[in-house]
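# Chains, contacts and geometry: an overview
Each chain, letter by letter, is given below.
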Amino acid sequence: MNISIILAAGEGTRMNSNVPKVLHKVCGRPILEYVIDASKNANLEKNYVIVGHGEKEIKEKFKDHDIIFKTQPIGKNYPYGTGYAVMQAIDYIEDNSNVIILYGDTPLITDKTILKLMEYHKKNKNNGTVLTAFLDDPTGYGRIVRDEKGHILKIVEDKDATEEEKKLKETNSGIYCFNGKDLKSALKKIDNNNAQGEYYITDVITILKEKGNRVGAYIIDDPREIHGINSRIQLAFCEKIMRERINHKHMLEGITIINPENTYIESSVIIGKDSIIYPGTILTGDTIVGEDCIIGENSRIENSKIGNKVEIYSSTITESKVGDRCTIGPYAHLRPNCNLGKDIKIGNFVEVKNSTIGDGSKASHLAYIGDADVGEGVNIGCGVIFVNYNGHSKFRTVVEDNAFIGSNSNLIAPVIVRKRGYVAAGSTITDEVSEGSLSIARARQVNKDGWVDKKR
Ligand code: UD1
Ligand code: CA
């Protein structure tokens, strides 16, 4: 059996945060989730996650994932270190299993690399194999020390390294493949005799070597995959690489991204072919964008479903649905629970909340539509306000098909404008407007001839 042990019990001191390190997000998902996914996609049959600091939050966050948690005791009276973390799973390791060890703070690792590592490990009949990479700046990472023949001798931590060793560029990824039996026997021999007073899993390599076992290093194709997150600076670095990966995937699938460097698409987002995404756009959560859309500059769309051929400019849309061929913005705001049909225009400075709007309706400028059911072919004039709140409760407004709401009108909810009802500009509507009728609800104009001259 192939299993993984994912280490996520550490304190994450260098993040300087109240949030457990592995729950910090990269492109919208917790760091640890990427590692779990890579492990599962590499067909590792059982995935053990070692938790300690922030255990409760981590367990809660991943309660629906098919993983097995094991708790590492934390506190002054307990040892610490990656080796001690792996020891917590020792009872789960079978003699004949292949064990992949992963660190919960390296989200860029891919399933493909894990599979290649396992393949290399088996092909070379190794007892232990470490995944390594050549980094231009390996500061902070463990270094791989090899002998003159190029055989791996040991892994030395940055804090324990001599000046000579610090110059080595080959870096420990923190990802290993071990034969179950060999790992178990070596784990019993590691000590905490080092600069940090910690039990290092990296010492297993030396122990196996001394026993005369076969130990190897598999050098990764793309060194960027091994970057770990210890600080927020590294968090931003990984975010940049992940963003690039996500954007590349979309571009290869037929989406135009004008400037990928400042387009922020979370990994869960789906976009249809031939859509064009302009700079400054943020697409998050379970957002789905259809085909042939133009998502304009500086738009933010969260957990929303956008149809085909929709155009959105400089606008914010949250938890809403927008049908085919709608145009939104610039500077429109769809707040949660809006459901827009097809061919609708929501123009500049229009805010919509918790409302349905039927096909072909328009609110082209400066309106507030809240808690409303608007039919098809309705025209909502400039400056119209759906007055939905009396300071205590909210009420709904219904505007039926083909009604016309003149500019600068107030519809005081609860109220209904029936089919083809026509509200004169500047009206304050408190009663039902019946089908096909005109409603004028404003003071009459009075003209006082010569008034100005008389006043002077
Ligand atoms: C570790 C490696 C280093 C490697 C680097 C790669 C060791 C000793 N060092 O250093 O060689 O280059 O990762 O990113 O392994 N953890 C526990 N329990 C503990 C301590 C840590 O579960 O008691 C977990 C942490 O939550 C973290 C992971 O193990 O996810 C790695 O620990 P961290 O302290 O970040 O190790 P590094 O100093 O980065
Ligand atoms: Ca780390």
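Here, every reference points to the structure presented above.
## Details of the overall build of the protein chain
In terms of helices and strands, the protein chain carries nine helices and 41 strands. Computed over C-alpha atoms, the radius of gyration of the protein chain comes to 31 Å, more than 25% over the 23 Å expected from 2.2 N^0.38 for 456 residues, which places it beyond the range of a compact globule. The C-alpha extent of the protein chain, read off along each of the three principal axes, is 110 × 50 × 45 Å. Looking at the protein chain as a whole, 49% of its 456 residues are labelled buried. Across the protein chain, the fraction of contacts at a sequence separation of at least 24, relative to all contacts at a separation of at least 6, is 40%. Of the accessible surface of the protein chain, which amounts to about 22,200 Å², a share of 47% is contributed by carbon and sulfur atoms. The positive charge centre, built from 60 side chains, and the negative charge centre, built from 61, are 2 Å apart in the protein chain.

## Topic: the site of ligand 1
Around ligand 1 sit 23 residues in total, of which Gly81, Thr82, Tyr103, Glu157 and Asn172 are the nearest. Side-chain polar atom of Lys21 to an oxygen atom of ligand 1: 3.4 Å apart, as the coordinates give it. The separation between an oxygen atom of ligand 1 and a polar side-chain atom of Asn230 is 3.2 Å. Burial of ligand 1 by the protein chains amounts to 93% of its free accessible area of 760 Å². Taken together, the residues that form the shell around ligand 1 break down as nine nonpolar, 10 polar and four charged.

## Observations concerning the sheet that holds strand 18 (residues 294-295)
Taken in spatial order, the 11 strands of this open sheet run 12-15-18-21-24-27-30-33-36-39-41, and their pairing is parallel. This sheet does not close on itself; its edge strands, each paired only once, are strand 12 (256-257) and strand 41 (438-439). Pairing of strand 21 (residues 311-312) with strand 24 (residues 327-328), which is carried by two bridges, proceeds in the parallel orientation. Considered in strand 24, the bridge of Ile312 is made with Ile328.

## Remarks on the environment of Thr430
Counting through the fold element by element, Thr430 comes out in the loop between strand 40 (428-429) and strand 41. Accessibility expressed as a relative area gives 46% for Thr430, which makes it partly exposed. Residue contacts for Thr430: discarding those within four places in its chain leaves Ile412 and Val415.

## Topic: the coordination of the calcium ion (ligand 2)
Taken together, Asp105 (OD) and Asn230 (OD1) make up the protein donors of the calcium ion (ligand 2), found 2.3 to 2.4 Å from the metal. Placement of the pair is Asp105 in the loop between strand 6 (98-103) and helix 4 (111-123) and Asn230 in the loop between strand 11 (215-219) and helix 8 (232-252), with a sequence separation of 125 residues. On the accessibility criterion, Asp105 (12% relative accessible area) is buried.

## Overview of unusual backbone geometry
In this structure, Pro330 follows Gly329 across a cis peptide bond, with omega equal to 5°. By the element assignment, Pro330 lies in the loop between strand 24 and strand 25 (333-334). Of the consecutive residues Ala413 and Pro414, the connecting peptide bond is found in the cis state with omega at 0°. Residue position: Pro414 is located in the loop between strand 37 (410-412) and strand 38 (415-417). In this model, Asn43 sits at a positive phi of 60°, which is unusual for a non-glycine residue. Inspection of the secondary structure puts Asn43 in the loop between helix 1 (31-41) and strand 4 (46-51). Positive phi is not limited to glycine here, since Glu319 has a value of about 40°.

## Some remarks on the pairing of strand 5 (residues 68-71)
In this sheet, strand 5 lies alongside strand 4 in parallel orientation, the contact comprising four bridges. Residue pairing across strands places Ile50 opposite Lys70, the latter belonging to strand 5.

## Brief notes about the packing of aromatic side chains
Here the structure, examined in full by the defined rule, presents seven aromatic pairs. With centroids separated by 4.6 Å and ring planes inclined at 20°, the aromatic side chains of Tyr48 and Tyr92 adopt a geometry described as stacked. On the criterion of sequence distance, the pair formed by Tyr48 in strand 4 and Tyr92 in the loop between helix 3 (82-87) and strand 6 is long-range, its members being 44 residues apart. Accessibility expressed as a relative area gives 30% for Tyr92, which makes it partly exposed. Taking the centre distance of 4.6 Å and the plane angle of 10° together, the rings of Phe404 and Tyr422 count as stacked. You can see Phe404 sitting in strand 36 (residues 404-405) and its partner Tyr422 sitting in strand 39 (residues 422-423), a full 18 residues away along the chain. Put simply, the rings of Tyr103, Tyr176 and Phe178 pair up and form one aromatic cluster. In this arrangement the basic side chain of Arg29 is found over the ring face of Tyr34, its NZ or CZ atom lying 4.5 Å from the centre.

## Considerations on the side chain of Thr171
Summarising the element assignment, Thr171 is placed in strand 10 (residues 170-179). A distance of 3.0 Å separates a polar side-chain atom of Thr171 from the backbone oxygen of Lys169. The residues contacting Thr171, other than those within four sequence positions of it, are Leu131, Thr132, Ala133, Leu135, Pro138, Tyr141, Gly142, Ile144 and Ile226.

## Describing helix 7 (residues 203-210)
Buried within helix 7 are the following residues: Asp203, Val204, Ile205, Ile207 and Leu208. Elements in contact with the buried residues of helix 7: strand 7 (128-134), strand 9 (152-156), strand 10, helix 6 (180-187) and strand 11. Positive phi appears at Gly212, one or two residues downstream of helix 7, with a value of about 85°.

## Topic: the sheet that holds strand 17 (residues 288-289)
With parallel pairing, the nine strands of this open sheet are ordered in space as 14-17-20-23-26-29-32-35-38. This sheet does not close on itself; its edge strands, each paired only once, are strand 14 (270-271) and strand 38. In the sheet, strand 17 pairs with strand 20 (residues 305-306) via two bridges, with the strands oriented parallel. Counted as the bridge partner of Val289 is Ile306 from strand 20.

The rules we used
Residues numbered from 1 in each chain as written. Chains lettered and ligands numbered in written order. Predicted model: local features only at pLDDT ≥ 70, side-chain atom pairs only at ≥ 80, totals over all residues. Heavy atoms only, no water. Helix = DSSP H or I, 4+ residues; strand = E, 2+ residues; numbered from the N terminus. Rg over C-alpha atoms; globule rule 2.2 N^0.38 Å. Buried < 20%, exposed > 50% of the residue type's maximum accessible area, 1.4 Å probe, protein only. Contact = heavy atoms within 4.5 Å. Areas by Shrake-Rupley, 256 points an atom, 1.4 Å probe, with all protein chains shown as cover. Lys, Arg positive; Asp, Glu negative; His and termini not counted. Charge placed at Lys NZ, Arg CZ, Asp CG, Glu CD. Near = heavy atom within 4 Å. Polar contact = N/O pair within 3.5 Å; in protein donor to acceptor, adjacent residues only side chain to side chain. Nonpolar A, V, L, I, M, F, W, Y, C, P; charged D, E, K, R; others polar. Pairing = 2+ DSSP bridges. Donors = N, O, S within 2.8 Å, 3.2 Å for Na, K, Ca; no water. Phe/Tyr/Trp six-rings, centres within 6.5 Å; stacked < 30°, edge-to-face > 60°. Lys NZ or Arg CZ within 6 Å of the ring centre and 35° of its normal.

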